[in-house]
Amino acid sequence: MDKRQTEGMSKFAENGGRHPFFQHVSAAADTLRETRKAWPGLSLYERFEEVVVVVLTGLIGLVIVAAVINLCFRVVLLVIFGLLDPAEHSVFQAVFGMIFTVLIALEFNHSILSVLHRQESIIQLRTVILIALLALARKFIILDATKVEPLTIIGLAAAVLALGAVHWLVRDQDRKDTQSRSDGSV
């Protein structure tokens, strides 16, 4: 057996003989079980929030699955027809644009799941800013600079700088809050 097969079998054994997919299903089931336990102690609005989060998570999950299937289908077609030339700018733009779309959806779903795990509140400014930065990075990748107005590029660059500054300020404030909490508890 080669090294990858050995590592795969050891991970399989670590999971109690279950496939890694079942580990994720088990985690989802645990989350739903925790939600059911906490349900009686939740206010009406918190229950509403929980239901919305579960529905959104399911819908975004379906969008992610559809996007991954579409991405796989398109890449396979490009390979079959010999059109997958990473040096060709339009192919690079299309493939990485689709990959970034999936990554943005995954990050968005992750931010919603943290609400379900009761780790954070529904609005997470830092996550929203990071998702916006990912969307702008995607836009820069799929952008054909020869066909776009210079003012559009300047506007997108200004948006990146503004979001970066806001992220830095939020991160800096989070550090200060964490430090003041740790200083107060000592």
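Cut-offs used in this document
- Residues numbered from 1 in each chain as written.
- Predicted model: local features only at pLDDT ≥ 70, side-chain atom pairs only at ≥ 80, totals over all residues.
- Heavy atoms only, no water.
- Helix = DSSP H or I, 4+ residues; strand = E, 2+ residues; numbered from the N terminus.
- Contact = heavy atoms within 4.5 Å.
- Salt bridge = Lys/Arg side-chain N within 4 Å of Asp/Glu carboxyl O.
- Buried < 20%, exposed > 50% of the residue type's maximum accessible area, 1.4 Å probe, protein only.
- UniProt positions renumbered as here; feature names shortened; annotations may be inferred.
- Patch = residues over 30% accessible without salt bridge, like charges linked within 9 Å, V, L, I, M, F, W, Y side chains within 5 Å.
- Areas by Shrake-Rupley, 256 points an atom, 1.4 Å probe, with all protein chains shown as cover.
- Expected span 1.5 Å × (residues − 1).
- Phe/Tyr/Trp six-rings, centres within 6.5 Å; stacked < 30°, edge-to-face > 60°.
- Core = buried A, V, L, I, M, F, W, Y, C linked by side-chain atoms within 4.5 Å.
- pLDDT = per-residue confidence, 0-100.
- Polar contact = N/O pair within 3.5 Å; in protein donor to acceptor, adjacent residues only side chain to side chain.

Regarding the overall build of the chain
The number of helices and strands found in the chain is six helices and zero strands. Moving toward the C terminus, one meets the helices and strands of the chain in the order α-α-α-α-α-α. Restricting the contact set of the chain to residue pairs at least 6 apart, pairs at least 24 apart contribute 64%.

With respect to the pattern of salt bridges
Summed over the entire model, instances satisfying the criterion amount to one salt bridge. Salt-bridge contacts for Asp 144 lead to Lys 147; the nearest nitrogen and oxygen are separated by 3.8 Å. The partly exposed category is assigned to Asp 144, whose relative accessible area is 24%.

Overview of the UniProt feature "transmembrane region" (unreviewed entry) in the chain
The UniProt entry lists residues 51–84, 90–109, 121–141 and 153–170 under the feature "transmembrane region" (unreviewed entry), expressed in the numbering used here. Between the end C-alpha atoms of residues 51–84 the distance is 43 Å, and the span holds 88% helix and 0% strand. Taken as a whole, residues 90–109 contains 100% helix and 0% strand, while its terminal C-alpha atoms sit 29 Å from one another.

Considering a nonpolar patch on the surface
Together, Trp 39, Tyr 45, Phe 48, Val 51, Val 52, Val 55, Leu 56, Leu 59 and Leu 62 make up an exposed nonpolar region whose accessible area comes to about 850 Å². With respect to the secondary-structure elements, Phe 48 resides in helix H3 (residues 44–80).

Focus on H3
Relative to the 54 Å expected for 37 residues at 1.5 Å per residue, H3 spans 54 Å between its end C-alpha atoms, a close match to the ideal helical length. Along H3, the positions that sit buried rather than exposed are Glu 50, Val 53, Thr 57, Ile 60, Ile 64, Leu 71 and Leu 78. At the C-terminal side of H3, Gly 82 shows a positive phi close to 70 degrees.

What about the environment of Ile 60?
Within the secondary structure layout, Ile 60 lies in helix H3. The buried category is assigned to Ile 60, whose relative accessible area is 11%. Sequence separation between Ile 60 and Ile 112 is 52 residues, and the spatial gap between their C-alpha atoms is 9.7 Å. Excluding anything up to four places from it in sequence, Ile 60 contacts Ala 105, Phe 108, Asn 109 and Ile 112.

So, the environment of Gly 97
Mapped onto the fold, Gly 97 is located in helix H4 (residues 89–116). Placed 41 residues apart in sequence, Gly 97 and Arg 138 show a C-alpha to C-alpha distance of 5.8 Å. Not counting residues up to four positions away in its chain, the partners in contact with Gly 97 are Phe 92, Arg 138 and Ile 142.

Some points on helix H5 (residues 125–142)
The first and last C-alpha atoms of H5 sit 26 Å apart over 18 residues, in line with the 26 Å expected at 1.5 Å per residue. Turning to H5, its buried residues are Thr 127, Ile 129, Ile 131 and Leu 136.

Examining the packing of aromatic side chains
Describing an aromatic ring pair means giving the distance of the ring centres and the angle of the ring planes. Under the counting rule described, the total for this entry stands at one aromatic pair. Pairing Tyr 45 with Phe 48 gives two aromatic rings, centres 6.0 Å apart and planes at 40 degrees, and the pair type is tilted. One end of the pair, Tyr 45, and the other, Phe 48, are both in helix H3, three residues apart, so they sit about a helical turn from each other. Using a relative accessible area of 53% as the deciding quantity, one classes Tyr 45 as exposed.

Some remarks on the nonpolar core
By size, the foremost hydrophobic cluster in this structure holds six residues: Val 53, Ile 60, Ile 64, Val 102, Ala 105 and Ile 112. Secondary-structure elements contributing two or more residues to this core are H3 and H4.

Quick look at the confidence of the model for the chain
Residues at a pLDDT of 70 or more form 78% of the chain, whose mean pLDDT is 78. Across residues 1–10, where pLDDT falls below 50, the model places two contacts with residues more than four positions away in sequence or in other chains.

Looking at the side chain of Gln 93
Tracing the backbone through its elements, the reader meets Gln 93 in helix H4. When its relative accessible area of 10% is taken as the criterion, Gln 93 is described as buried. Within polar-contact distance, the side chain of Gln 93 engages the backbone oxygen of Ile 142 at 3.1 Å. Within the local environment of Gln 93, its side chain forms a polar contact with the backbone oxygen of Leu 143, the two atoms lying 2.8 Å apart.

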